[in-house]
Amino acid sequence: MQQSCTMDTPNFLEVRICSYLVAGTWFDTSALVSNVRNFPNNRGLAVGVLKSFLGLSSSIYTSIYVALFEPDAVRFLLMLAIVPPVLALLLSMALNYVPFVEVSEGHNTPGYSWASTEGR
């Protein structure tokens, strides 16, 4: 007996929801890269703060689900697919570009190691 695998084609709403959810990771990556460039001497702190806020946001989303959407997961997923990218696009207008500095400001200070990665 031969078994065939058939899949229904996803509808437009499912494809749109998945693409919006993936867009959130692109915003996280772009924020990470721009903050590492803007704070070359404090890369670890910048990455740590951004990743801790990522964990905090998942806690906030869980609280929103429990408070507003508890039995209806579909509406919650729709909200997750639409609200964060729209907020990110609206708030991106307030971003300020800071040019990347090639040389670290601390290269003349005592204790600066020639093998340090902070100046690169």
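Thresholds, definitions, all that
Residues numbered from 1 in each chain as written. Predicted model: local features only at pLDDT ≥ 70, side-chain atom pairs only at ≥ 80, totals over all residues. Heavy atoms only, no water. Helix = DSSP H or I, 4+ residues; strand = E, 2+ residues; numbered from the N terminus. Buried < 20%, exposed > 50% of the residue type's maximum accessible area, 1.4 Å probe, protein only. Contact = heavy atoms within 4.5 Å. Areas by Shrake-Rupley, 256 points an atom, 1.4 Å probe, with all protein chains shown as cover. Axes fitted to C-alpha atoms, helices over the stretch in contact; angles between N-to-C directions. Parallel < 35°, antiparallel > 145°, perpendicular 65-115°, else oblique. Left-handed = near helix turned anticlockwise from the far one by under 90°. Nonpolar A, V, L, I, M, F, W, Y, C, P; charged D, E, K, R; others polar. Phe/Tyr/Trp six-rings, centres within 6.5 Å; stacked < 30°, edge-to-face > 60°. Patch = residues over 30% accessible without salt bridge, like charges linked within 9 Å, V, L, I, M, F, W, Y side chains within 5 Å. Salt bridge = Lys/Arg side-chain N within 4 Å of Asp/Glu carboxyl O.

J.: What's the story with the overall build of the chain in this structure? I'm lost.
T.: Counting secondary structure elements, the chain contains three helices and zero strands. The N-to-C order of helical and strand elements in the chain reads α-α-α. Counting across all 120 residues of the chain, residues that qualify as buried make up 10%. Nonlocal contacts in the chain, meaning residues at least 24 apart in sequence, comprise 43% of its contacts between residues at least 6 apart. A total accessible area of about 9,700 Å² is found for the chain, and carbon and sulfur atoms account for 68% of it.

J.: Is there a simple way to explain the packing of helix H2 (residues 43-69) against helix H3 (residues 73-91) in this structure?
T.: For the pair H2 and H3, the least separation of the axes is 10 Å and the interaxial angle reads 135 degrees. Classified by the interaxial angle, the pair formed by H2 and H3 is oblique. Crossing hand, H2 versus H3: right-handed. When H2 is examined against H3, the residues Tyr61, Ile64, Tyr65, Leu68 and Phe69 are found in contact with a partner set consisting of Ala73, Arg75, Phe76, Met79, Leu80 and Pro84. The residue inventory of the contact of H2 with H3, partitioned by class, reads 10 nonpolar, no polar and one charged.

J.: Would you explain the packing of aromatic side chains in this entry?
T.: The relative placement of two aromatic rings is captured by the distance of their centres and the angle of their planes. For the structure on display, the rule yields two aromatic pairs. When the ring of Tyr65 is compared with that of Phe76, the centres are 5.0 Å apart and the planes differ by 55 degrees; the resulting orientation is tilted. Of this pair, Tyr65 sits in helix H2 while Phe76 sits in helix H3; the two residues are 11 residues apart in sequence, bridging distant segments of the chain. A residue is classified by how much of its surface remains accessible, and Tyr65, at 22% relative accessible area, is partly exposed. Pairing Phe69 with Phe76 gives two aromatic rings, centres 5.8 Å apart and planes at 50 degrees, and the pair type is tilted. Exposure remark for Phe76: the relative accessible area of 11% places this residue in the buried category.

J.: Can you help me understand a nonpolar patch on the surface in this one?
T.: Residues Leu13, Leu78, Ile82, Val83, Val86, Leu87, Leu90, Leu91 and Met93 make up a contiguous nonpolar surface patch of roughly 810 Å² in combined accessible area. Sort the elements by how many residues they give to the nonpolar patch and H3 lands first, with seven residues. Tracing the sequence through the fold places Val83 in helix H3.

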